Amino acid sequence: MKHLTVIITAIIMALTTTSCQENRDQTNEALRDAEIALDQGDMRTAASVTQHLVGDKNLSGLTPRQLGRLSLIYMQLADSSDHSNQSEHISSATACYRKAYELDKDSAAEFYNQVSPEHTSRVMMLSNISESLDTPSDTFLQTVDTVPADTIH
């Protein structure tokens, strides 16, 4: 009986590992499709791939490297000639950037430090946006300090 339990546990672990690897492979393939679409100037396809990729997952199943790639895809979409969704793309890119660092700071830093020169300005922008979200500006703090106490409910 004990051997049967060990065998069943091993089979379940093997199936789970295979399933996770297949999901990672599918995600990497989708990211590659979006990157190719961007290289070809097909923003609509790239946006469609990102919507399909993220869907309702809320970024939970992505690795820091995948989140990094996705953040750069969103930044390229924001840079495209169609600016109707620019702020949405930058917001999504920032969310990916922050999530990558939240999951594994070292892996995220390694990814972003190795991006090609064409992406360096995008990474700097993401870093600045993320930092500004974490650190309120002096102007905001001064405004909060000048609000009379009796007006706060």
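Cut-offs used in this document
- Residues numbered from 1 in each chain as written.
- Predicted model: local features only at pLDDT ≥ 70, side-chain atom pairs only at ≥ 80, totals over all residues.
- Heavy atoms only, no water.
- Helix = DSSP H or I, 4+ residues; strand = E, 2+ residues; numbered from the N terminus.
- Buried < 20%, exposed > 50% of the residue type's maximum accessible area, 1.4 Å probe, protein only.
- Polar contact = N/O pair within 3.5 Å; in protein donor to acceptor, adjacent residues only side chain to side chain.
- Contact = heavy atoms within 4.5 Å.
- Expected span 1.5 Å × (residues − 1).
- Arc of directions from axis to C-beta.
- Salt bridge = Lys/Arg side-chain N within 4 Å of Asp/Glu carboxyl O.

(A) Region of the structure containing the environment of Ser132. Here Ser132 lies in helix H6 (residues 120–134). Its relative accessible area of 45% is what places Ser132 among the partly exposed residues. Within the structure, the side chain of Ser132 is placed 2.8 Å from the backbone oxygen of Ile129, a separation counted as a polar contact.

(B) Main features of the environment of Ala37. Along the chain, Ala37 turns up in helix H1 (residues 2–39). With 36 residues separating them along the chain, Ala37 and Ile73 place their C-alpha atoms 10.0 Å apart. Residues contacting Ala37, with those up to four places away along its chain left out, are Asp42, Thr45 and Ala46.

(C) Structural detail: helix H4 (residues 86–103). Between its terminal C-alpha atoms H4 stretches 26 Å, which fits the 26 Å expected from 18 residues at 1.5 Å a residue. Three or more residues of H4 are buried, namely His89, Ile90, Ala93, Thr94, Cys96, Tyr97 and Ala100. Here the buried residues of H4 occupy an arc of 160° about the axis, which is enough to place them on one side. Summarising the geometry of H4, the exposed residues directed more than 90 degrees from the buried face are Ser87 and Glu102.

(D) Structural detail: the pattern of salt bridges. For the structure shown, the criterion picks out four salt bridges. For the salt bridge of Asp134 with Arg98, the shortest nitrogen-to-oxygen distance reads 3.1 Å. Taken together, the residues span a long stretch of sequence, with Asp134 in helix H6 and Arg98 in helix H4 at a distance of 36 residues.

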